[in-house]
Amino acid sequence: MTEYSDDLQPKSDDQSTQSQIVTVNNAPSDHPATLWLIDDDAALRMVLADTFEDAGLTVISFTQAQAAWTRLNDVLKQQESAEQLPDVILTDIRMPMMDGLSFSDWVHQYFPKMPIVIMTAHSDLTSAINSYQTGAFEYLPKPFDLDDAVATIYKAINYQPNLETTTVSLLDESNTNTTSDTSTEDLMKSKAAPASKTTKDNKNKGAVEGKSNGNPSGIIGQSPAMQTVFRAIGRLAQSPISVLITGESGTGKELVASALHQHSPRKQQPFIALNMAAIPHDLIESELFGHEKGAFTGATTMRQGRFEQADGGTLFLDEIGDMPFSTQTRLLRVLANGEFYRVGGQQPIKVDVRIIAATHQNLEELVKQSRFREDLFYRLNVIRLPLPPLRTRPEDIPALALYFMQSAAEQMNTTPKHLHPAALQIMQTFDWRGNVRQLENVCLWLTVMATGDTVMATDLPPELLENISPNTVLYEEHGPTEGDAQEHLAQNGNVLNGRSLNSHQNERSSPLPKNQSWQQALADWAEQSLSTGETDILQTATPEFERVLLTAALNHSGGKKIEAASLLGWGRNTLTRKLQQLDISAPRVPTKE
């Protein structure tokens, strides 16, 4: 099998060294692995094709999924040889005529051994879950690092043992013809089908959510940390195994548990949430397992417990670390064989319940202190899903604040207020020990207490202003309004190896003439160049644009390439390739004497 290493990296276009050929399962070197690349963005398609070809793959590009489907359908009808099949497919989601999810679903049905990697700029939870539900091997949210994309494709190529044996050999001629004739129309109608796979909106949130994020699960985030969470939810949703969600209070553990249930085969069955810390210890067993009439003083009737109520569905046990030690023993029995007794009962009751547990505590430490059963810990800790605190993903705060401001306005039956960029900047640098829940409360406070339609920095609650730098500008008479918070979120489109440059428009940069942004300066240059008869100005501007940013990052990092790559949002290999293409020499890193 071919494994990814730094020795196999994309090379610049002017290098003549022949790339190492990537093959499937050590096939002869004259049979390199084939990648089908599907994207309607010509510029992105060209960059990706060059990258994968330099990485040793044979790349066949398609401008839309319909064309790739036609080729596969010809193989299915035995009009073309199965040797024409690719070893892996990389496809975008949103394209004309046929979307990537419908295409992936069809391929998974008729070519189940063929791995598909789905990429999209619309990197929300719904896209991730729908991708995995269509049988995708992996999900790549844009922007992504080219080296990470190459590594993912390498894994996909070696994922299956052999692609030569396909579904084609299992289908008779008449069946394939019937299927092929009808599938085109079905798939063409399924442009909006992925949306139908999602569950109903979270109550009281769906309408507002649709305006800001389009995510019915109520989980908002574009940061790499949240993309990891989205991928985990997508992979775990269809599985019945137990999940342990860890994270600080207020990070959204119950929302994640609800999303796992909403996108699982149990979604039509109950989702029961129970907070262990909110129930008196002497009532927890009755709450979980129910009780028989007369089991204890006050038990005048038989009562079903949460396990019975959640039969066939999901039981979410929040703050599992606060469960009494005696109750942990009974819970362990339920997890082992699905049976329990009501309090005071004589007959075992069998249930089919998926357990999702959550805690903000360190369960390993509780085990060492003999406050949590070690065997129960290992029963629950089959899959651990850690949630990032809000302070580690400040790039998500504009979207979250926009959503919560809209939600608060709807709750108060008023017009949503907008955050001034200076206020938003302070919010992005705040520590948020209460995480997303604290941010939600602040947005509600601002909706009630702030005057005017725009929330200025001086309108923020005192706790957000306590530790800010004295040089921070709290009020700007002129400047863009926070309607740009929503625009800030949309800047994650066809960009590779870094954030969109437009997302920096409100950040401090080199001085410009008063009331003139760098974008205006660029626009003036473009107008002047076109007026003098110049052509291909994009080809002229792009290298210079990259040269300026790359030089600034290298100077800022003292010539440290890894740090400079991180500042630019690139991978190390991408930075090295750009240095070669732009003929830039990195400054020497000063050595200590």
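In short, a report on the structure.

Each value, and the rule that gives it
- Residues numbered from 1 in each chain as written.
- Predicted model: local features only at pLDDT ≥ 70, side-chain atom pairs only at ≥ 80, totals over all residues.
- Heavy atoms only, no water.
- Pairing = 2+ DSSP bridges.
- Helix = DSSP H or I, 4+ residues; strand = E, 2+ residues; numbered from the N terminus.
- Axes fitted to C-alpha atoms, helices over the stretch in contact; angles between N-to-C directions.
- Core = buried A, V, L, I, M, F, W, Y, C linked by side-chain atoms within 4.5 Å.
- Buried < 20%, exposed > 50% of the residue type's maximum accessible area, 1.4 Å probe, protein only.
- Contact = heavy atoms within 4.5 Å.
- Parallel < 35°, antiparallel > 145°, perpendicular 65-115°, else oblique.
- Left-handed = near helix turned anticlockwise from the far one by under 90°.
- Nonpolar A, V, L, I, M, F, W, Y, C, P; charged D, E, K, R; others polar.
- Right-handed = clockwise from strand over helix to strand, strands pointing away.
- Salt bridge = Lys/Arg side-chain N within 4 Å of Asp/Glu carboxyl O.

## A word on the sheet that holds strand 6 (residues 243-246)
- With parallel pairing, five strands are arranged side by side in an open sheet as 7-10-13-6-14. Among the strands making up the open sheet, the edge pair consists of strand 7 (271-275) and strand 14 (383-386). For this sheet the average axis-to-axis angle between neighbouring strands, irrespective of direction, equals 20 degrees.
- Direction of pairing for strand 6 relative to strand 14: parallel, over a ladder of four bridges.

## Observations regarding the nonpolar core
- By size, the foremost hydrophobic cluster in this structure holds 31 residues, and its most contacted members are Leu 288, Phe 307, Leu 315, Leu 317, Ile 320 and Phe 372.
- Listing elements by their share of this core, those giving two or more residues are strand 7, helix 11 (284-289), strand 10 (314-318), helix 13 (325-337), strand 13 (354-359), helix 14 (363-368) and helix 15 (374-380).
- A per-element tally of this core places helix 13 first, with four residues.
- Setting aside residues up to four positions removed in sequence, Phe 372 forms contacts with Ile 320, Gly 321, Phe 325, Gln 328, Leu 363, Leu 366, Val 367, Phe 377 and Leu 380.
- Of all hydrophobic cores here, the second largest spans 27 residues; its members include Leu 390, Leu 400, Trp 432 and Leu 460.

## Concerning the packing of helix 16 (residues 397-412) against helix 17 (residues 421-429)
- Interaxial distance between helix 16 and helix 17 falls to 10 Å at its minimum, and their mutual angle equals 115 degrees. By the angle class used here, helix 16 and helix 17 are roughly perpendicular. The crossing of helix 16 and helix 17 is right-handed. Facing helix 16, whose interface residues are Ile 397, Pro 398 and Ala 401, helix 17 presents Leu 424, Met 427 and Gln 428.
- Residues of the contact of helix 16 with helix 17, tallied by class, amount to five nonpolar, one polar and no charged.

## Re the sheet that holds strand 5 (residues 138-141)
- Read across the open sheet, the five strands follow the order 2-1-3-4-5; overall the sheet is parallel. Either end of the sheet is taken by a strand with one partner, and the two such strands are strand 2 (58-62) and strand 5. The mean inter-strand angle of the sheet, taken between neighbouring strand axes irrespective of direction, is 20 degrees.
- One ladder, built from four bridges, connects strand 3 (residues 88-92) with strand 4 (residues 116-120); its direction is parallel. Each residue of the ladder has a partner; that of Ile 89, found in strand 4, is Ile 116.
- Relative to the sheet, helix 4 (residues 125-133) contacts strand 4 and strand 5, its axis offset from that of strand 5 by approximately 155 degrees.

## A short note on the pairing of strand 3
- Along strand 3, five of the five residues are buried, which leaves the element largely enclosed by surrounding structure.
- Looking at chain direction, strand 1 (residues 34-38) and strand 3 are connected through four bridges and run parallel. The partner of Trp 36 across the bridge, within strand 3, is Ile 89.
- Once the chain exits strand 3 it traverses helix 3 (residues 100-110) before rejoining the sheet at strand 4, and the crossover so formed is right-handed.

## Side note on the pattern of salt bridges
- Counting across every chain of the model gives 16 salt bridges.
- Salt-bridge contacts for Asp 352 lead to Arg 266; the nearest nitrogen and oxygen are separated by 3.0 Å. Of this pair, Asp 352 sits in the loop between strand 12 (349-350) and strand 13 while Arg 266 is found in the loop between helix 10 (253-262) and strand 7, placing the two residues 86 residues apart along the sequence.
- A network of salt bridges, in which partner residues are shared, links Asp 39, Asp 92 and Lys 142.

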